[in-house]
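What follows is each chain in one-letter form.
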4 protein chains.
Amino acid sequence: MRTLHKLPFWCPKHATGMDRLLNTFRIRSSLVRECLAECLGVYIMILFGCGSVAQVTTSENSNGHYLSINLGFALGTTFGVYVSRGVSGAHLNPAVSLSLCFLGRHPWTRLPFYVLFQILGAFMAAATVALQYYDAIQFYSGGHLTVSGPKATAGIFSTYPADYLSLWGGIMDQVVGTAALMVCILALGDTRNSPAPAGLQPVLVGAVVLVIGVSMGSNSGYALNPARDIGPRLFTYIAGWGDEVFRAGRSWWWVPLVATCAGALVGTLIYELLIEVHHPEKGLISESSAQGQATENRQAVELHPEKNNPKDGLDGTLM
Amino acid sequence: MRTLHKLPFWCPKHATGMDRLLNTFRIRSSLVRECLAECLGVYIMILFGCGSVAQVTTSENSNGHYLSINLGFALGTTFGVYVSRGVSGAHLNPAVSLSLCFLGRHPWTRLPFYVLFQILGAFMAAATVALQYYDAIQFYSGGHLTVSGPKATAGIFSTYPADYLSLWGGIMDQVVGTAALMVCILALGDTRNSPAPAGLQPVLVGAVVLVIGVSMGSNSGYALNPARDIGPRLFTYIAGWGDEVFRAGRSWWWVPLVATCAGALVGTLIYELLIEVHHPEKGLISESSAQGQATENRQAVELHPEKNNPKDGLDGTLM
Amino acid sequence: MRTLHKLPFWCPKHATGMDRLLNTFRIRSSLVRECLAECLGVYIMILFGCGSVAQVTTSENSNGHYLSINLGFALGTTFGVYVSRGVSGAHLNPAVSLSLCFLGRHPWTRLPFYVLFQILGAFMAAATVALQYYDAIQFYSGGHLTVSGPKATAGIFSTYPADYLSLWGGIMDQVVGTAALMVCILALGDTRNSPAPAGLQPVLVGAVVLVIGVSMGSNSGYALNPARDIGPRLFTYIAGWGDEVFRAGRSWWWVPLVATCAGALVGTLIYELLIEVHHPEKGLISESSAQGQATENRQAVELHPEKNNPKDGLDGTLM
Amino acid sequence: MRTLHKLPFWCPKHATGMDRLLNTFRIRSSLVRECLAECLGVYIMILFGCGSVAQVTTSENSNGHYLSINLGFALGTTFGVYVSRGVSGAHLNPAVSLSLCFLGRHPWTRLPFYVLFQILGAFMAAATVALQYYDAIQFYSGGHLTVSGPKATAGIFSTYPADYLSLWGGIMDQVVGTAALMVCILALGDTRNSPAPAGLQPVLVGAVVLVIGVSMGSNSGYALNPARDIGPRLFTYIAGWGDEVFRAGRSWWWVPLVATCAGALVGTLIYELLIEVHHPEKGLISESSAQGQATENRQAVELHPEKNNPKDGLDGTLM
């Protein structure tokens with residue numbers, strides 16, 4: 001106890017009575033743990049994201065602008081990833097999970113569980129935002145929960161297309177946006193390219209969401225993520241906005257589900273075929289590359305010459 | 001002296017005459033040191049935070065917008081943490097101190113001292129802002145220090161609810177906001193999840209404050225922190241705004257004290273029960289996890305095989 | 001497979017069936033790989049950059065302001081660099097490639113290939129933006145693709161000078177801007193000065209683009225990059241804006257090609273002559289400098305005393 | 001040459017013909033090198049900072065807002081520090097140099113040279129901004145270079161107080177602002193507290209400037225730096241704004257010179273007396289502290305048990 005008070009509060013704890021009490025709730029199934037982490041990660045992401053839309057909408061731009069919404073989703077993503085990455089890998093997005101299954105980096109059998117809990121997290125976050133902004137939404141809308149019109153509030157929760165947008169334009173918009181997301185995410189973690197530092201990858205994933213919001217948010221609100229869109233949409237359907245949420249924008253609701261998955265696969269193929277498959281053989285990296293991260297790998301290898309095993313070097317030291 | 005001038009100015013110093021003079025003021029009591037650090041940390045946080053509100057208010061949005069205020073509190077928190085973390089752990093918030101005591105990571109006996117000096121720091125920062133913006137506040141308000149109305153200036157210092165907000169809405173708002181803060185802070189420092197780099201955690205704690213301001217600031221100004229609210233409120237009570245600061249918003253003043261503490265405990269329980277208690281046993285981390293930080297841990301362990309002690313590895317190497 | 005699902009999705013993959021299929025597309029020529037990487041890097045940069053201009057223009061400032069455009073180009077540059085740096089060095093800019101050839105850090109023989117693929121990437125990105133914003137541009141402009149006037153849309157893709165700008169003013173503007181870019185980029189990577197961490201250099205290169213946009217964007221839209229300007233201009237020439245794109249602004253189009261190259265060379269000379277050539281001899285660094293990075297170098301050298309070779313230490317350990 | 005083209009362009013170079021040519025300009029005097037670095041560092045800082053004011057002023061807020069100016073000075077400072085830190089320590093500010101001399105961390109004999117070249121860099125940067133924005137300033141002001149009034153342009157270069165500001169209010173404003181700057185800078189580099197990573201300290205110093213601009217910019221434009229103010233003021237005096245630049249604001253010009261130096265000393269004393277002098281003895285750090293950086297220190301010490309010398313450990317390993 002003597003030095004305990006000097007630990008920064010984010011330090012790992014020594015076992016205390018409270019720890020032992022909490023540990024009685026411990027779950028050992030890795031699938032359940034991962035599903036809980038995905039659920040909480042998406043919850044945090046949507047809580048901040050949809051909260052920022054609620055703030056800008058109900059304050060009529062006096063407590064924020066479009067850029068605040070971009071920041072809300074970006075930093076929401078960052079902290080959603082910090083919350084869950086060490087447990088589940090922080091997919092937080094069915095389209096990302098699908099792409100990783102496609103690449104063989106995630107087992108197909110876990111895909112439905114991940115998707116279900118991602119949608120559940122988004123649904124609960126939308127409910128929390130509605131509760132937190134209940135008074136504000138009532139005040140702003142005069143108690144009429146509408147999907148379109150000057151005092152529409154459904155856009156706080158889900159995405160709707162701009163009036164001018166055609167169906168094919170909307171599909172194109174979501175395919176391009178999600179493909180760009182996926183190219184950037186794969187590059188950030190590609191240890192044979194120039195990856196971001198592991199501890200800061202959540203920040204950079206958030207920055208990808210920021211730049212997509214800044215450059216591709218105008219047409220249809222950059223869903224990029226089926227769970228981010230369908231979970232809050234289901235909530236609004238139940239909570240009083242009615243089935244207009246599925247009919248609005250010429251039945252727009254299915255586009256963020258299908259086009260984002262297609263876009264993620266397109267982006268995955270682009271990065272794989274233009275960059276990743278052309279990297280030199282793994283076993284040759286420490287000899288052939290003068291690039292930063294690979295060099296750190298070399299340093300690590302020199303420290304453990306008996307362990308000069310390419311797989312170890314890449315999986316273990318660099319990430 | 002030959003190479004001294006080449007040291008970057010933030011380098012540790014060699015003892016000089018000035019050092020010896022300053023060292024005569026040295027205090028060895030760890031409690032006093034920690035209280036001074038908490039006080040200065042909160043002072044810096046509120047100086048920048050309330051200063052940004054003063055700038056936006058008195059310039060009537062011409063020298064900043066709501067986003068400036070979000071940045072002021074966010075970066076204020078960042079630098080408040082940098083100033084105090086190495087000494088006191090940078091709680092800077094009675095609700096955080098309370099949660100850490102609850103988890104057994106901080107001794108209950110130090111709690112009242114921490115809280116007292118946190119409030120003192122906030123009080124003095126409010127006084128400094130009032131001094132720095134004295135001319136501006138006089139000019140803007142015409143010399144009438146009011147709590148509500150078109151030229152109200154009490155909101156520079158403490159939080160007040162929006163007109164539409166009900167009491168329960170306000171309590172809910174502060175509980176959700178502080179719970180989200182606590183979940184993110186615990187995740188950022190959880191070495192068995194995917195923590196942020198130790199030297200950048202103050203930046204990321206600031207980013208949490210930024211995203212909460214962007215997404216949950218509209219209802220009641222995101223106090224999140226009893227000291228941040230009551231310290232400046234006491235200052236305004238004394239400095240000329242009168243007891244209206246306690247009566248405004250249907251006696252709003254106690255909500256940021258009580259609801260934030262409740263919210264911090266809720267957030268702590270959410271993170272503990274959904275994520276932290278389910279982590280694999282500490283002693284198994286270096287075998288069972290492929291995740292970044294844990295791997296660095298493994299590397300460290302390999303460097304010192306004779307020291308492969310889970311507690312050492314976690315407390316020492318990673319933070 | 002047992003632990004595979006626990007890997008963060010940005011982890012290096014184990015070979016799977018999909019990997020083997022993708023690897024059949026593998027190209028071993030380093031020149032082709034580098035050209036593909038430069039092309040995709042510039043594509044990402046311009047996709048986000050011009051996309052942000054399209055969003056601000058077609059939404060008439062309701063979904064973003066000038067600062068959004070600054071962020072779009074800045075983060076576009078960041079992710080363009082992450083995508084390509086490990087393969088091609090991430091020049092992404094003919095003026096940068098030229099400067100590096102001039103300094104002897106890049107072979108002149110590869111210059112034309114790099115430039116060609118940089119322009120190709122920018123051209124394709126402009127085409128993608130036009131496709132993604134097709135409905136929005138039609139709606140905004142009423143179907144009239146014009147280069148100047150109140151509903152002009154050519155400025156989404158290429159830069160045009162402000163009405164007040166003289167030719168010499170424009171040349172000066174681009175020379176100063178590109179020189180400032182080059183000074184900062186060279187400083188960020190100068191291991192004998194105080195370089196940024198290797199894994200975060202793409203973020204800081206983006207920050208240079210941000211600050212140039214914030215401080216030097218007003219006169220002529222901070223092209224800074226011949227490929228960024230001529231690729232999209234060629235696209236607009238073909239896609240319906242006509243030869244006005246070359247005639248507008250008193251035939252402005254050649255200034256971003258010539259003045260940026262001149263500016264990059266000026267900036268290179270400034271940094272080299274004021275800072276880099278005066279650094280102490282390489283072999284003496286670990287003794288003579290008390291500065292951070294160099295000290296890490298010293299540490300590395302102490303770990304491998306038998307390898308105390310200046311070139312190794314600098315090329316290998318620090319980057 | 002075979003692998004040369006694969007080097008990222010920020011890699012240290014191998015000696016080439018161009019290198020040998022440039023090296024003929026090499027200067028070995030450390031004082032001259034440092035003065036050149038301070039001059040270029042301040043030049044970059046003011047080029048971006050005053051450039052952002054010029055952009056916002058001459059575009060009448062259409063190409064940026066007050067926040068753009070905050071970003072311009074913040075990132076200007078960041079890159080000014082990157083350019084010069086490895087050579088001169090990146091003071092970039094006579095008030096900072098003075099404080100470091102006062103603490104015995106910089107030799108008094110070098111102070112006048114540093115100050116002179118800092119002012120020179122700011123003067124030249126102001127001249128460059130005036131050249132780059134010559135057409136814009138002429139267009140905006142109609143050719144009348146005025147210090148006050150609706151089309152005043154002297155504020156692009158130097159700071160002037162708000163109309164409501166009293167002399168004592170202005171002095172207080174600059175003392176508080178510069179003291180806050182100094183407290184944060186000293187905390188960021190205090191290796192016995194919780195320092196920022198060495199390679200990112202320039203970014204965090206920029207963030208300090210950002211938050212001061214956001215929270216303390218309204219009264220008198222946050223000079224914080226005698227050289228930043230007097231250099232450009234001298235330029236405007238010569239370049240056509242006349243002696244009104246010294247008479248405006250009741251002879252405001254001397255306040256940013258004197259009050260910033262006083263403020264820097266106040267901030268230094270606050271940080272020293274509240275935090276730094278109370279740190280445990282240097283030699284005891286590796287035993288007594290559980291805090292992050294110190295632990296890395298411990299790790300380093302364990303790697304080199306024969307070198308367990310407090311001074312080495314602190315000066316060498318941590319920075």
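Criteria and thresholds
- Residues numbered from 1 in each chain as written.
- Chains lettered and ligands numbered in written order.
- Predicted model: local features only at pLDDT ≥ 70, side-chain atom pairs only at ≥ 80, totals over all residues.
- Heavy atoms only, no water.
- Helix = DSSP H or I, 4+ residues; strand = E, 2+ residues; numbered from the N terminus.
- Buried < 20%, exposed > 50% of the residue type's maximum accessible area, 1.4 Å probe, protein only.
- Contact = heavy atoms within 4.5 Å.
- Areas by Shrake-Rupley, 256 points an atom, 1.4 Å probe, with all protein chains shown as cover.
- UniProt positions renumbered as here; feature names shortened; annotations may be inferred.
- Patch = residues over 30% accessible without salt bridge, like charges linked within 9 Å, V, L, I, M, F, W, Y side chains within 5 Å.
- Salt bridge = Lys/Arg side-chain N within 4 Å of Asp/Glu carboxyl O.
- Core = buried A, V, L, I, M, F, W, Y, C linked by side-chain atoms within 4.5 Å.
- pLDDT = per-residue confidence, 0-100.
- Buried area = accessible area lost by both parts, 1.4 Å probe.
- Polar contact = N/O pair within 3.5 Å; in protein donor to acceptor, adjacent residues only side chain to side chain.
- Nonpolar A, V, L, I, M, F, W, Y, C, P; charged D, E, K, R; others polar.
- Least-squares fit on C-alpha atoms with pLDDT ≥ 70 in both.
- Axes fitted to C-alpha atoms, helices over the stretch in contact; angles between N-to-C directions.
- Parallel < 35°, antiparallel > 145°, perpendicular 65-115°, else oblique.
- Left-handed = near helix turned anticlockwise from the far one by under 90°.

Describing the overall build of chain A
- Summing up its helical and strand segments, chain A has 14 helices and 0 strands in all.
- Listing every helix and strand of chain A by position from the N terminus yields α-α-α-α-α-α-α-α-α-α-α-α-α-α.
- Considering chain A as a whole, with its 319 residues, one finds that 67% of them fall into the buried category.
- Across chain A, every contact between residues at least 6 apart in sequence was considered, and the portion connecting residues at least 24 apart equals 74%.
- Total accessible area computed for chain A in this model is approximately 10200 Å², and 64% of it derives from carbon and sulfur atoms.

Let's talk about the UniProt feature "transmembrane region" (unreviewed entry) in chain A
- UniProt records the feature "transmembrane region" (unreviewed entry) for residues 35–54, 66–83, 113–134, 167–188, 200–218 and 252–274 of chain A in the present numbering.
- This span, residues 167–188 of chain A, is 100% helix and 0% strand, and a straight line between its end C-alpha atoms measures 32 Å.

Side note on a nonpolar patch on the surface
Residues and elements named next belong to chain A.
- Taken together, the side chains of L167, W254 and V258 present a nonpolar region at the surface, about 250 Å² in accessible area.
- Considering the arrangement of structural elements, one finds L167 in helix α7 (residues 167–188).
- Assessed through its relative accessible area of 38%, L167 is described here as partly exposed.

As for unusual backbone geometry
- Phi at L224(B) takes a positive value of approximately 65 degrees, unusual for a residue other than glycine.
- Tracing the chain through its elements places L224(B) in the loop between α8 (201–216) and α9 (226–241).
- Given a relative accessible area of 5%, L224(B) falls into the buried group.
- The backbone phi angle of Y222(C) is positive, close to 35 degrees, even though this residue is not glycine.
- Within the secondary structure layout, Y222(C) lies in the loop between α8 (201–216) and α9 (226–241).

Quick word on the environment of V87(C)
- Topologically, V87(C) is positioned in helix α3 (residues 66–88).
- Leave out the neighbours within four places in its chain, and V87(C) touches N193(A), I275(A), H279(A), R33(C), E34(C) and A37(C).

What to know about the nonpolar core
- Ranked by internal contacts, the top residues of the largest apolar core, which has 315 residues, are F79(A), F79(B), F79(C) and F79(D).
- The residues contacting F79(C), other than those within four sequence positions of it, are C184(A), L188(A), L204(A), A207(A), V208(A), V211(A) and I44(C).
- Counting 6 residues, the second largest nonpolar core, distinct from the first, contains I171(D), W252(D), V255(D) and A259(D).

A few points about the confidence of the model for chain A
Residues and elements named next belong to chain A.
- Looking at chain A as a whole, the pLDDT averages 86, with 83% of positions reaching at least 70.
- Put simply, helix α14 (residues 310–317) is where chain A has its lowest mean pLDDT, 30, and helix α5 (residues 111–132) is where it has its highest, 98.
- Within the model, pLDDT remains below 50 along residues 1–12, and this stretch shows 40 contacts once partners closer than five positions in the same chain are excluded.
- Note that pLDDT drops below 50 for residues 283–319; the model gives that stretch 71 contacts with residues more than four away or on any other chain.
- Here the complex is predicted with pTM 0.88, and the ipTM for its interfaces comes to 0.86.

As for the pattern of salt bridges
- Per the counting criterion, the structure on display carries 28 salt bridges over all chains.
- Two residues, R105(C) and E276(C), come together in a salt bridge whose shortest N-O distance is 3.5 Å. Of the two residues, R105(C) is situated in the loop between α4 (94–103) and α5 (111–132) and E276(C) in the loop between α11 (255–274) and α12 (285–288); the sequence distance between them amounts to 171 residues. By the burial criterion, R105(C) is buried, and E276(C) matches it.
- The network of salt bridges with shared partners includes R105(A), E272(A) and E276(A).

Here's the deal with the interface of chain A and chain B
- Taken together, the contact between chain A and chain B spans 67 residues of the former and 83 residues of the latter.
- Contact between chain A and chain B buries roughly 6300 Å² in total, counting both sides, with carbon and sulfur atoms accounting for 66%.
- Viewed at the interface, chain B and chain A are joined by 0 salt bridges.
- Inspection of the chain A/chain B interface yields 18 residue pairs in polar contact (both at pLDDT 80 or more).
- Secondary structure elements with two or more residues in the side of chain A that touches chain B: α1 (17–23), α2 (30–58), α3 (66–88), α5, α6 (134–141), α13 (292–303) and α14 of chain A.
- Among the elements that line the side of chain A that touches chain B, the one with the most residues is α3(A), at 14 residues.
- By residue class, the composition of the side of chain A that touches chain B is 34 nonpolar, 24 polar and 9 charged.

Here we look at the relation of the copies chain A and chain B
- For these two chains of identical sequence, chain A goes onto chain B by a turn of 90 degrees and a shift of 0.0 Å along the axis, with RMSD 0.0 Å. What the rotation and shift describe, once combined, is the action of a four-fold rotation axis.
- Mapped onto chain B, only 10% of the interface residues of chain A again fall at the interface, so the copies present different surfaces.

As for the packing of helix α3 (residues 66–88) of chain B against helix α7 (residues 167–188) of chain D
- One can describe the packing of α3(B) onto α7(D) by two numbers: an axis separation of 9 Å at closest approach and a directional angle of 55 degrees. Of the possible angle classes, the one that applies to α3(B) and α7(D) is oblique. For α3(B) against α7(D), the interelement crossing comes out left-handed. Residues F79(B), Y82(B) and V83(B) of α3(B) pack against V183(D), C184(D), A187(D) and L188(D) of α7(D).
- A per-class count over the contact of α3(B) with α7(D) returns 7 nonpolar, no polar and no charged.

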